[in-house]
Amino acid sequence: MQSRTRFIALGLACAALAACSHKDKDAPLAFVPADTPYVAANLAVLDDDTRKALLAQANLQLPSQVAQMEAYATRLQASDPDAARLVQAFAAEYKGKTVEGFAQSTGFDLKGRFALYGEGMAPVLRVELSDPAAFDGFVARLETAYGKKLDTATIGKQTYRLHVFPASGAELVLAVVGKQMVGALLPADAATPLLRQTLGLDRPAKSLQDDGRLDTLASDKGYAKWLVGQFDLTRALPLVLTGSDPLVAAVEKARASAESAQTGEPVANLLKNSPDCAPEASRIAARVPAMSFGYTRLDATHQDARFDLALADDIAKAFSGLKVELPGLGSGASTAPFDFSLALPVAALRTFWSAQAEAVAAKPFACPMLTDLNDSFAKLGDALPKTAIPPFGNLLGLRVALDTLGTDSTSSLPDFTGRIVLGTSDPAGLLATGQMMVPALATVKTAANAAPVALPKDVTGMLGQPSWLASGDKALALGIGSGEDAKLAGTLHDASGEPGQMARMHLSGAMYLDWLKFMEKKSDSLAAAAAEMSKNDEPPANGEPSPANEAAQAAADAARSKAQFAAMEAQAQRVDGIDAEMHVTDSGIVVTSHTTLKQ
């Protein structure tokens, strides 16, 4: 029996070694410390068809991104001409190119892997390159445009570029290590061990690749391997609040030095830390331990994503079993071209936040960086009893369902038809309150599940079109626009939320496009009005931009806005529909989105 057990153990060990041997020791995740507080990375690369589809979408947006950079460069020209040239040079790298063309000229590998992570709280980006020499040429072109080169330094046999930001106590480090670009924001004069590990000259004792945390997370949450991210507050908050992280400490020292120069207070006094900060950081992190995100489906016609926010057990269970009686919140409800439902269970929210305020009052925060929370929770506790007053205290939620959306040239508001639903445990009381606030509603009489009632002319005159009101057992529904009265009964009987469901949204591609066109027209109107108001024959005062500079900025902003809307509308033409949903489980909040694209 012992011989068999040893044989099985030996077999398992060999299998584990074989699995490890297949791991790429130079993959970006092999350089990420297993205890990093945050990370976003791809665990696998996209297939060719999906990559091509996503690049086609990105190329539609590229002109608007270039226009935004050029407009930003114009704004910088007067105050920081060097930075303006740098931004303009970066825009020039993109201008007239596709994303593929930009990648080729700069050396980035579109089929490569990447990781954005923290060496402590210091952000580090590792991206695989297809052509390291092309990347060096890209950086050299930016340096030429900026008018000065980055400093260079060497550690061991590795050369790197750096730029120090004295006011913030940080430095930018940029290097090509093998076939990877490494960029990091480190504390100024970073310690040698931190610099060596950032550049990959030394490896972490245990890497995230060894740890397998992201693979486990992807499996648990259903994230696809093309993008997985996590922010671990149990690791991050203690680093930030205790000042034990080198980057945080450097930034705090720079801030204290600047304050000392103004006030005369010794820097050491300004940097005093409290022993209460570490346990109180852990106290907060225990309430919201982590957040994570990732794609759940990504192909030529689908872009589905999920976001998770982990919550303490008592927080999650306060809402995971809560069923909000808001018509339209449920997944089986009918949908309008734009349909948004939001649970607002005021009574349950009041109970929950009262408990949180009482907990802080019973055990106030002592860490200097957190003491403001004591006052905030005290004010919240004082205000919460007022939320019990009807009709606000009886609210359950809100639903907005729009069937049409257009532009009204006589109004700043859109021309629309649709329905608005207010969920409440007392529809009659809500109507009575409305009648006190709007006397024209005094003649309106509704009954639960009865036929809709036409609103008086005094009210429809304000709305600009015929309108009706109907009542259900747990809601009032307002229909605005021709034919909306016929939809109110069905709206009031739509499915309410399942346990834990907090929000639901649907947006059709056609409605998305209508909304963009409305926003574009309003943007053009505002820009024209602003241009007219800015006309001035007076000579500019000291520090004020000249009329020529203002005109150039206005032209750049207009070009940016036009390009941005053109790109968004081109993308909207491909959208069939967008759906999103939020619910609370026993472990936290889950937000999902589903975007369907036309073939």
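A. Structural view of the pattern of salt bridges. Following the criterion strictly, the structure yields 32 salt bridges and no others. Measuring nitrogen to oxygen at the nearest pair gives 3.4 Å for the salt bridge that ties Arg161 to Glu143. Here the residue Arg161 occupies a position in strand 5 (residues 158–165), and Glu143 occupies one in helix 5 (residues 132–146), the gap between them amounting to 18 residues. Taken individually, Arg161 and Glu143 each receive the classification buried, so the pair is uniform in this respect. The closest approach of N and O atoms between Arg196 and Asp202, which form a salt bridge, is 2.8 Å. Judged by relative accessible area, Arg196 falls into the partly exposed class, the value being 25%.

B. Local environment of the layout of surface pockets. Counted as a void, the largest pocket has a volume near 1600 Å³. The wall of the largest pocket is formed by 49 residues, among which Tyr94, Phe102, Phe108, Leu125 and Val127 lie closest to the centre. Among the elements that make up the lining of the largest pocket, the one with the highest residue count is helix 2 (residues 48–76) (8 residues). Split by residue class, the lining of the largest pocket holds 34 nonpolar, 8 polar and 7 charged.

C. Expanded view of the pairing of strand 13 (residues 414–424). One ladder, built from 11 bridges, connects strand 12 (residues 395–407) with strand 13; its direction is antiparallel. Following the sheet pairing, Arg399 is matched in strand 13 by Val421. For strand 13 and strand 16 (residues 475–480), the ladder comprises 6 bridges, and the chain directions are antiparallel. The partner of Val421 across the bridge, within strand 16, is Ala477.

D. Representation of unusual backbone geometry within the structure. Note that the residue after Pro390, namely Pro391, is joined by a cis bond; omega there is 0 degrees. Mapped onto the elements, Pro391 comes out in the loop between helix 15 (372–383) and strand 12. For Asp189, which is not glycine, the phi torsion reads 55 degrees and is therefore positive. Positive phi values are uncommon outside glycine, yet Asn449 reaches one of about 65 degrees.

E. Molecular detail of the nonpolar core. Core analysis: the largest hydrophobic core is formed by 32 residues, its most contacted members being Leu29, Tyr160, Leu186, Leu199 and Leu214. Elements with a minimum of two residues in this core: strand 1 (38–41), strand 2 (114–119), strand 3 (122–128), strand 5, strand 6 (170–177), strand 7 (180–187), helix 6 (192–199) and helix 8 (213–221). In terms of residue count, strand 6 provides more of this core than any other element does, 4 residues in total. In this structure Leu214 touches Leu29, Val39, Ala41, Leu43, Leu208 and Val228, once residues within four positions along its chain are discounted. Among the nonpolar cores identified, the runner-up in size contains 26 residues, and Leu55, Val87, Tyr94 and Ala145 belong to it.

F. Region of the structure containing the state of the cysteines. For the coordinates displayed, the defined rule picks out 1 disulfide. Here Cys277 connects covalently by a disulfide to Cys367, the sulfurs 2.1 Å from one another. Taking the sign of the torsion about the S-S bond as the criterion, the disulfide between Cys277 and Cys367, at about 85 degrees, is right-handed. Taken as a pair, Cys277 in helix 12 (residues 277–287) and Cys367 in the loop between helix 14 (346–362) and helix 15 lie far apart in primary sequence, 90 residues in all. On the basis of relative accessibility, which here comes to 0%, the residue Cys367 falls in the buried class.

G. Structural view of the packing of aromatic side chains. One pass over the structure, following the stated rule, counts 12 aromatic pairs. Within the aromatic cluster, the residues linked to one another by ring pairs are Phe90, Tyr94, Phe102, Phe108, Phe135 and Phe138. The ring of Phe31 has Arg126 sitting right over it, with the charged end atom 3.8 Å from the ring centre. Sitting over the ring of Phe365, Arg283 keeps its end group 4.2 Å from the ring centre.

H. Main features of a nonpolar patch on the surface. Residues Met436, Met437, Val438, Met462 and Leu463 make up a contiguous nonpolar surface patch of roughly 560 Å² in combined accessible area. For the nonpolar patch, the elements supplying multiple residues, two or more each, are helix 16 (427–437) and helix 17 (457–463). The topology assignment puts Met436 in helix 16.

Procedures and definitions
- Residues numbered from 1 in each chain as written.
- Predicted model: local features only at pLDDT ≥ 70, side-chain atom pairs only at ≥ 80, totals over all residues.
- Heavy atoms only, no water.
- Salt bridge = Lys/Arg side-chain N within 4 Å of Asp/Glu carboxyl O.
- Helix = DSSP H or I, 4+ residues; strand = E, 2+ residues; numbered from the N terminus.
- Buried < 20%, exposed > 50% of the residue type's maximum accessible area, 1.4 Å probe, protein only.
- 1 Å grid on protein atoms, 1.4 Å probe; cavity = no way out; pocket = protein on both sides within 12 Å on 5 of 7 lines; lining within 4 Å.
- Points joined across faces, edges and corners; volume = space filled by probe spheres on them.
- Nonpolar A, V, L, I, M, F, W, Y, C, P; charged D, E, K, R; others polar.
- Pairing = 2+ DSSP bridges.
- Core = buried A, V, L, I, M, F, W, Y, C linked by side-chain atoms within 4.5 Å.
- Contact = heavy atoms within 4.5 Å.
- Disulfide = S-S within 2.5 Å.
- Phe/Tyr/Trp six-rings, centres within 6.5 Å; stacked < 30°, edge-to-face > 60°.
- Lys NZ or Arg CZ within 6 Å of the ring centre and 35° of its normal.
- Patch = residues over 30% accessible without salt bridge, like charges linked within 9 Å, V, L, I, M, F, W, Y side chains within 5 Å.
- Areas by Shrake-Rupley, 256 points an atom, 1.4 Å probe, with all protein chains shown as cover.

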